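Given next are the chains, with one letter for each unit.
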Amino acid sequence: MEAKQVLFTDVNTQTWIEEVLLNAESHSEFSADPNWSIYKKQLHGGQSEGVDLIEIDNGALRLSLLPTRGMGVWKGSYQEIPLGWDSPVKAPVNPAFINLSERGGLGWLSGFNELVCRCGLISNGPPGQDTAGNPIESDLTLHGRIANTPAHYVSVELDPRDGGWIRITGKMEEGMLFGSHFLLESTLETQLGSAEFAIHDRVTNLGPVTAESELLYHINVGSPFLEAGAQFEIPFAEMAPRDSRAAEGMAGFNTYLGPTTDYAEQAYYFKPICDDNGYTPALLSDKKGGLGFLVNFKQGDLPCFTLWKNTQTESAGYVTGLEPGINFPNFRAIEREQGRLKNLSPGSSYQTEIQISILNNSDSVDEIRQKITKLSEKSESIIHDEPHAQFS
Amino acid sequence: MEAKQVLFTDVNTQTWIEEVLLNAESHSEFSADPNWSIYKKQLHGGQSEGVDLIEIDNGALRLSLLPTRGMGVWKGSYQEIPLGWDSPVKAPVNPAFINLSERGGLGWLSGFNELVCRCGLISNGPPGQDTAGNPIESDLTLHGRIANTPAHYVSVELDPRDGGWIRITGKMEEGMLFGSHFLLESTLETQLGSAEFAIHDRVTNLGPVTAESELLYHINVGSPFLEAGAQFEIPFAEMAPRDSRAAEGMAGFNTYLGPTTDYAEQAYYFKPICDDNGYTPALLSDKKGGLGFLVNFKQGDLPCFTLWKNTQTESAGYVTGLEPGINFPNFRAIEREQGRLKNLSPGSSYQTEIQISILNNSDSVDEIRQKITKLSEKSESIIHDEPHAQFS
Amino acid sequence: MEAKQVLFTDVNTQTWIEEVLLNAESHSEFSADPNWSIYKKQLHGGQSEGVDLIEIDNGALRLSLLPTRGMGVWKGSYQEIPLGWDSPVKAPVNPAFINLSERGGLGWLSGFNELVCRCGLISNGPPGQDTAGNPIESDLTLHGRIANTPAHYVSVELDPRDGGWIRITGKMEEGMLFGSHFLLESTLETQLGSAEFAIHDRVTNLGPVTAESELLYHINVGSPFLEAGAQFEIPFAEMAPRDSRAAEGMAGFNTYLGPTTDYAEQAYYFKPICDDNGYTPALLSDKKGGLGFLVNFKQGDLPCFTLWKNTQTESAGYVTGLEPGINFPNFRAIEREQGRLKNLSPGSSYQTEIQISILNNSDSVDEIRQKITKLSEKSESIIHDEPHAQFS
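Residues numbered from 1 in each chain as written. Chains lettered and ligands numbered in written order. Predicted model: local features only at pLDDT ≥ 70, side-chain atom pairs only at ≥ 80, totals over all residues. Heavy atoms only, no water.

> What am I meant to see in the sheet that holds strand β20 (residues 279-285) of chain B here?
Working definition: the strands of a sheet are paired by backbone hydrogen bonds and lie parallel or antiparallel to each other. Residue and element names in this part refer to chain B. Taken together, 10 strands build an open sheet; the order of strands is β2-β1-β12-β13-β14-β15-β25-β21-β20-β17 and the sheet is antiparallel. With partners counted over all chains shown, the strands left at the sheet margins are β2 (15-16) and β17 (231-233), one partner each. Taken strand by strand, helix α5 (residues 362-377) contacts β17, β20, β21 (292-298) and β25 (349-359), and its axis lies near 130° from that of β20. (Pairing = 2+ DSSP bridges. Helix = DSSP H or I, 4+ residues; strand = E, 2+ residues; numbered from the N terminus. Contact = heavy atoms within 4.5 Å. Axes fitted to C-alpha atoms, helices over the stretch in contact; angles between N-to-C directions.)

Structure follows, in structure tokens:
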């Protein structure tokens with residue numbers, strides 16, 4: 001049986017569905033599993049006015065997808081386990097209410113509350129003036145524009161193979177006269193009943209000249225995965241703290257504090273190593289090792305990994321970020337110098353792939369830990385106790 | 001009989017009513033008075049696109065409330081008397097169209113046309129760089145963000161006691177990762193048939209650390225209250241002109257010019273004194289004393305009062321502001337120095353209360369005048385003819 | 001028979017029609033011609049969310065009008081000939097998503113894709129600080145605000161005279177306390193079956209003092225009119241290149257390259273001369289002279305003409321601009337110095353008129369060429385090979 005396509009949004013053909021529910025009743029041919037659903041609506045009120053939301057339920061895993069916010073994943077749950085974090089920003093914010101330039105270029109934070117959001121496409125680091133690139137793009141704001149760029153195209157695929165796959169594709173463009181012009185095509189997929197979802201992205205240069213791109217996945221996790229004594233593990237060839245503040249925490253970089261008053265964020269940069277299939281597992285597990293949040297990413301596409309620790313008090317936003325990227329979130333001029341910008345010639349693309357899995361028992365957590373240990377043993381892991389010129 | 005609650009908006013539960021009319025027909029149990037109504041709609045077109053508007057009619061007093069603009073009161077009328085002023089900005093402006101940072105931080109003015117709007121919550125003065133507070137909040141724009149923050153929660157209470165009270169509660173949050181995080185809960189109430197409404201506000205620090213707050217009620221009145229020879233009265237212990245421009249007008253600070261070409265605004269700062277119940281009356285009355293616009297405010301909560309005179313020509317915006325505040329609308333660094341910032345510890349709150357009454361005959365105007373005179377006689381009123389370091 | 005008025009939007013009376021189709025069926029009395037229609041809808045999805053669009057079909061000529069973008073004309077077609085250009089910005093952008101201040105004041109470009117858009121009303125040149133005008137308006141951004149100002153009033157007139165005229169009037173205001181206050185009333189009209197449309201604009205100073213205004217029509221054309229060897233003609237008294245880059249192209253200023261990698265834009269400034277009726281024809285014709293895009297403008301109202309050549313590659317935006325204006329798009333301080341700003345006293349207005357005609361055969365192209373040649377012969381045409389102080 002063929003996969004069924006349902007178009008939610010296509011600005012080019014002026015197609016848009018305000019509200020719709022797909023489920024076993026409306027699409028009985030899709031799967032024998034009766035528990036899945038896809039519910040699309042538009043939010044109203046507050047700063048969520050006009051935000052399109054897609055709630056996906058694969059029967060076990062629920063995800064709230066935000067076409068209006070660059071196909072970010074707002075939050076989710078697996079069975080009873082919440083996925084995401086508790087940001088001071090409570091609901092999805094329509095980019096129309098956001099001024100990326102305000103607060104010295106840190107306006108991005110006023111909409112930041114997602115489980116998964118992208119930083120890019122021209123820059124994913126801090127704000128500042130980087131005059132070496134396209135002149136119209138030197139005025140950089142924190143983490144770039146893509147998380148605040150509404151999708152102009154959204155479609156759903158119901159693929160009946162293997163019990164049923166849900167795939168949701170969104171497209172966003174960043175482009176303007178005299179500027180670079182990128183297309184991001186993003187597909188989120190999940191198999192019915194599974195504890196996993198994957199994101200497949202492709203960034204294409206639609207512009208006339210070679211253009212610089214940065215991209216990073218800001219994957220943000222709080223309780224119950226994150227707690228005092230929670231562990232972070234990744235197989236890596238080399239790592240360093242981002243700055244002197246992060247260097248202070250080197251002794252315990254791979255474990256976490258509980259919610260801590262006046263904690264200042266720390267970030268660590270890794271060169272991951274991958275398994276035989278090219279994937280790197282990055283694991284956050286709770287103290288007892290009974291719960292794991294696993295990010296598997298295609299290391300060849302995403303050769304840079306950033307660990308962001310922000311174990312402030314709960315009300316401030318207790319969270320850690322597992323962040324695979326094509327580059328590190330330094331100021332773009334540094335990344336250019338280090339040769340980590342993607343230079344895309346006209347018409348060419350790059351792709352990325354990440355998988356997120358929820359591990360809800362100690363056996364599955366142990367299995368990944370053992371895998372990481374084995375991968376780590378393949379080669380020496382260089383650990384810099386101080387910031388290193390190669391990284392930041 | 002119990003009060004009836006009607007929920008209009010709750011972003012957290014994804015509740016929102018696009019259009020609804022509450023009146024004697026739909027809620028006959030509320031009151032014997034058949035003349036009240038509450039009509040909620042969403043505006044469309046121009047810069048009003050997407051603005052939620054609530055029109056309240058208590059049978060005598062009408063008010064247009066703007067959830068999308070921080071629960072500001074756009075305008076009103078009492079019987080045939082218009083309440084508000086004629087701003088160059090004619091209709092409510094969706095904050096999505098406003099860039100507070102533009103025009104050197106004066107972008108706030110491009111949405112300013114309300115009868116009552118709030119200035120705050122982190123700052124209510126002029127734009128500038130104040131680096132002494134939270135670093136992410138040093139880039140201050142005129143009058144802060146709260147008047148351009150949409151309410152994420154709006155509910156109506158129909159309370160049958162005393163012939164019937166209408167209460168409308170809205171909630172707004174200002175917060176983001178690394179920033180301060182305030183919740184403003186605002187209730188506007190009016191009794192059926194009355195010439196009054198009150199606003200009860202509570203500001204709570206939801207963040208993890210003590211945070212600085214400023215708040216001021218920009219209550220703006222034009223014709224027919226304001227005219228050549230109109231009077232302003234308030235009982236006060238001390239007052240001073242804000243600056244040299246205001247000092248020029250000290251001789252007539254408590255009376256008004258008619259619409260005046262090339263008039264430059266003047267502001268006067270007062271330390272009010274209150275009656276035995278803790279309220280300060282601030283009165284604007286027309287020349288003949290047959291019409292009065294009275295602001296009563298809880299002086300302990302709002303110890304600073306600003307009189308803003310802007311008697312420009314009608315087409316420029318002929319208006320005066322009666323502005324109780326927790327502080328004066330100076331640049332925040334000055335207010336910090338003067339100890340007038342509210343320093344809120346985590347979880348703590350402050351409250352404010354203002355009542356606005358329309359006086360439509362000389363007896364009621366005279367009564368308030370006599371009250372103000374008596375209160376003024378309780379102590380010496382210090383008048384500074386020049387700006388004074390304690391105020392500005 | 002009288003003309004029929006249909007009101008689409010009036011914010012003042014809270015009138016707005018979400019979707020409507022006017023055609024021979026709904027308005028049979030309008031014309032014997034059955035092929036016309038006017039379709040109004042609201043766009044959804046992507047950055048077009050909330051944009052009002054009016055699609056006009058006069059039976060031969062189709063135009064897509066954007067009330068939300070200052071009554072700009074997005075694109076059109078005449079029979080099978082597309083009108084407009086292929087911008088990197090594919091769909092109409094809601095001004096709510098645009099930050100004019102970003103990118104060093106070049107944010108305007110992120111919404112730029114129209115066939116006809118206006119630059120003004122306080123400024124139409126490059127960004128910068130011009131402190132000589134109204135102080136609240138010194139922070140200038142590229143091309144001003146009017147193309148990103150939603151119409152608060154939109155009405156349609158169906159006038160049965162001469163087989164039928166469609167007229168669509170929109171009104172936009174630029175104004176705020178302490179700022180200048182302009183009203184733009186714009187009417188687009190087209191006769192059923194014709195290959196032409198006209199725009200009649202009136203700008204009125206609603207403010208209290210004399211205010212400076214700039215206005216320019218950015219009329220943008222790509223293929224099939226624009227191609228290698230396409231010709232530009234206008235009768236003029238004097239012209240000069242804008243800058244040294246434009247001076248490089250003086251030898252071929254009136255012809256075009258094909259799509260050219262790394263082409264940098266060139267602009268030429270003209271003082272046009274007009275025919276006995278006061279109109280100046282500006283013609284873009286394809287290489288063979290079988291297709292012409294003709295702009296006729298009332299030269300007394302629009303004494304400055306700018307030719308913008310931007311023959312970049314197709315994917316960058318292959319386009320030329322035929323741009324009549326009340327002034328040249330230099331920085332406002334230059335235009336003030338040259339006496340080209342419109343100084344409008346309170347209550348006074350200025351009007352402009354442009355007609356756009358599609359010529360789809362060599363006879364009609366030749367006829368206009370001959371007219372231009374004749375007009376050109378009326379007086380000497382001074383050509384400056386280098387930038388001239390009078391122009392830029």
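> Looking at this structure, how should I read the pattern of salt bridges?
Pairing is possible between side chains that carry opposite charge, provided their charged atoms lie close to one another. Residue and element names in this part refer to chain C. Summed over all chains, the structure comprises 69 salt bridges over all chains. The partner of glutamate 189 in a salt bridge is arginine 167, with the nearest N and O atoms 2.6 Å apart. Linking glutamate 189 in strand β14 (residues 182-191) with arginine 167 in strand β13 (residues 165-174), this pair joins segments that are 22 residues apart in sequence. The class of arginine 167 is buried, set by a relative accessible area of 17%. Residue aspartate 276 is joined to lysine 378 by a salt bridge in which the shortest nitrogen-to-oxygen separation is 3.9 Å. Of the two residues, aspartate 276 is situated in the loop between β19 (266-272) and β20 (279-285) and lysine 378 in the loop between α5 (362-377) and β26 (382-383); the sequence distance between them amounts to 102 residues. (Salt bridge = Lys/Arg side-chain N within 4 Å of Asp/Glu carboxyl O. Buried < 20%, exposed > 50% of the residue type's maximum accessible area, 1.4 Å probe, protein only.)

> I keep staring at the relation of the copies chain A and chain B and nothing clicks. Help me out?
Relating the two copies of this chain is a rotation about some axis coupled with a shift parallel to it. Under the fitted operation, chain A is carried onto chain B by 0.0 Å of movement along the axis and a turn of 120°, and the coordinates agree to an RMSD of 0.0 Å. As the rotation angle and translation indicate, the two copies are arranged about a three-fold axis. It is alanine 96 of chain A whose C-alpha, among those of chain A, lies nearest the rotation axis, at 2.9 Å. A different interface surface on each copy is seen, since only 6% of the contact residues of chain A are contact residues in chain B too. (Least-squares fit on C-alpha atoms with pLDDT ≥ 70 in both.)

> Is there a simple way to explain the state of the cysteines in this structure?
Linking two cysteines covalently via their sulfur atoms produces the bond known as a disulfide. One pass over the structure, following the stated rule, counts zero disulfides over all chains. The cysteine cysteine 304 of chain B is free of any disulfide, with cysteine 274 of chain B supplying the nearest cysteine sulfur at 14 Å. (Disulfide = S-S within 2.5 Å.)

> Please clarify how empty space enclosed by the protein should be interpreted in this entry.
A full pass over the atoms with the stated rule returns six cavities of 30 Å³ or more. Put simply, the second largest cavity is a space of about 80 Å³. Around the second largest cavity, the lining is made up of 13 residues, and of these Gly45 and Gly46 of chain A together with Asp52, Thr68 and Pro150 of chain B lie nearest the centre. Across the lining of the second largest cavity, the residue classes break down as five nonpolar, six polar and two charged. (1 Å grid on protein atoms, 1.4 Å probe; cavity = no way out; pocket = protein on both sides within 12 Å on 5 of 7 lines; lining within 4 Å. Points joined across faces, edges and corners; volume = space filled by probe spheres on them. Nonpolar A, V, L, I, M, F, W, Y, C, P; charged D, E, K, R; others polar.)

> Explain α5 of chain B to me, please; I cannot follow it from the model alone.
What sets the pattern is the α-helix's 3.6 residues per turn: residues three or four places apart point alike. Residues and elements named next belong to chain B. Between the first and last C-alpha of α5 there are 22 Å, a value that for 16 residues agrees with the 22 Å anticipated at 1.5 Å per step. Those residues of α5 that sit buried are Ser364, Val365, Ile368, Ile372 and Leu375. The arc that holds every buried residue of α5, seen down its axis, measures 105°, which confines them to one face. Along α5, exposed side chains directed more than 90 degrees from the buried face belong to Asp363, Glu367, Gln370, Lys374 and Glu377. In the core, the buried residues of α5 are packed alongside β17, β20, β21 and β25. Between the side-chain oxygen at the start of α5 and the backbone nitrogen of aspartate 363 there is a gap of 3.2 Å, and the oxygen is on asparagine 361. (Expected span 1.5 Å × (residues − 1). Arc of directions from axis to C-beta. Polar contact = N/O pair within 3.5 Å; in protein donor to acceptor, adjacent residues only side chain to side chain.)

> Mind showing me how you'd approach the relation of the copies chain A and chain C here?
Least-squares fitting of chain A to chain C yields an RMSD of 0.0 Å, with the transformation described by 0.0 Å of translation along the axis and a rotation of 120°. Both copies present different contact surfaces, since only 7% of the interface residues of chain A are interface residues in chain C too.

> I'm lost on the pairing of strand β14 (residues 182-191) of chain B in this one. Help?
Put simply, side chains in a regular strand alternate between the two faces of the sheet. All names here are of chain B. For β14, the buried fraction is high: nine of the 10 residues fall into the buried class. Direction of pairing for β14 relative to strand β15 (residues 196-205): antiparallel, over a ladder of eight bridges. Paired with leucine 183 across the strands is threonine 204, a residue of β15. Between β14 and β15, which follow one another and run antiparallel, lie four residues, and glycine 193 among them has a positive phi close to 80°.

> Would you take a moment to explain a negative patch on the surface for this structure?
Taken together, the side chains of Glu18 and Glu19 of chain A, Glu18 and Glu19 of chain B together with Glu18 and Glu19 of chain C define an acidic patch exposed on the protein surface. Position of glutamate 18 of chain A relative to the elements: it lies in the loop between β2 (15-16) and β3 (20-23). (Patch = residues over 30% accessible without salt bridge, like charges linked within 9 Å, V, L, I, M, F, W, Y side chains within 5 Å. Areas by Shrake-Rupley, 256 points an atom, 1.4 Å probe, with all protein chains shown as cover. Lys, Arg positive; Asp, Glu negative; His and termini not counted. Charge placed at Lys NZ, Arg CZ, Asp CG, Glu CD.)

> Honestly, the interface of chain A and chain B in this entry has me stumped. Any pointers?
By a widely used convention, the size of an interface equals the accessible area lost when the partners come together. Listed as interface residues are 35 residues of chain A and, on the opposing side, 28 residues of chain B. Between chain A and chain B, roughly 2,500 Å² of surface is buried when both sides are summed, and carbon and sulfur atoms account for 59% of that area. Taken together, the links from chain A to chain B amount to one salt bridge. Salt-bridge contacts for glutamate 102 of chain A lead to arginine 145 of chain B; the nearest nitrogen and oxygen are separated by 3.1 Å. On inspection of chain A and its partner chain B, the count reaches nine residue pairs in polar contact (both at pLDDT 80 or more). Those elements that place two or more of their residues in the side of chain A that touches chain B are β5 (52-57), α1 (102-105), β22 (304-311) and α3 (314-317) of chain A. Tallied by class, residues from the side of chain A that touches chain B come to 14 nonpolar, 13 polar and eight charged. (Buried area = accessible area lost by both parts, 1.4 Å probe.)

> What exactly am I supposed to notice about the side chain of aspartate 10 of chain B here?
Residues and elements named next belong to chain B. By the element assignment, aspartate 10 lies in strand β1 (residues 4-10). Nearest to the buried, unbridged aspartate 10 among oppositely charged side chains is lysine 171, at 7.4 Å. Discounting residues that sit within four places of it in the chain, aspartate 10 has contacts with Thr15, His152 and Tyr153.

> Would you take a moment to explain the packing of aromatic side chains for this structure?
Here a ring pair, both rings aromatic, is described through the centre-centre distance and the interplanar angle of the planes. All names here are of chain A. Under the defined criterion, the tally for this structure stands at 42 aromatic pairs over all chains. Ring plane angle 35° and centroid distance 4.7 Å describe the contact between tryptophan 108 and phenylalanine 112, whose orientation is recorded as tilted. Classification of tryptophan 108 as buried rests on a relative accessible area of 2%. Residue classification places phenylalanine 112 among the buried positions, given a relative accessible area of 1%. (Phe/Tyr/Trp six-rings, centres within 6.5 Å; stacked < 30°, edge-to-face > 60°.)

> Help me understand the pairing of strand β25 (residues 349-359) of chain A in this model?
Residues and elements named next belong to chain A. Here β25 lies mainly inside the structure; eight of its 11 residues are buried. In the sheet, strand β15 (residues 196-205) pairs with β25 via nine bridges, with the strands oriented antiparallel. Residue threonine 204 lies in a different strand from β25, and its bridge partner there is serine 349. Note: strand β21 (residues 292-298) against β25, six bridges, orientation antiparallel. Bridged to leucine 294 within β25 is serine 357.

> Before we go on, may I ask you to explain unusual backbone geometry in this structure?
Excluding glycine, most residues fall at negative phi; most peptide bonds, likewise, are trans. Of the consecutive residues serine 223 of chain A and proline 224 of chain A, the connecting peptide bond is found in the cis state with omega at 0°. Along the polypeptide, proline 224 of chain A turns up in the loop between β16 (211-221) and β17 (231-233). The backbone of glutamine 14 of chain B shows a phi angle near 55°, a positive value even though the residue is not glycine. By secondary structure assignment, the location of glutamine 14 of chain B is in the loop between β1 and β2.

> What exactly am I supposed to notice about the interface of chain A and chain C here?
The interface is formed by 28 residues belonging to chain A together with 35 residues belonging to chain C. Roughly 2,500 Å² of surface becomes buried between chain A and chain C when both sides are summed, with 59% attributable to carbon and sulfur atoms. Of all residues in chain A, Gln14, Met176 and Leu177 of chain A bury the most surface against chain C, accounting for 27% of the area lost on that side. Summed over the shared surface of chain A and chain C, the number is one salt bridge. At the surface where chain A touches chain C, the tally comes to 10 residue pairs in polar contact (both at pLDDT 80 or more). Looking at the side of chain A that touches chain C residue by residue, the class counts come to 13 nonpolar, 11 polar and four charged.

None of the figures reported here should be taken as evidence of function without further support.
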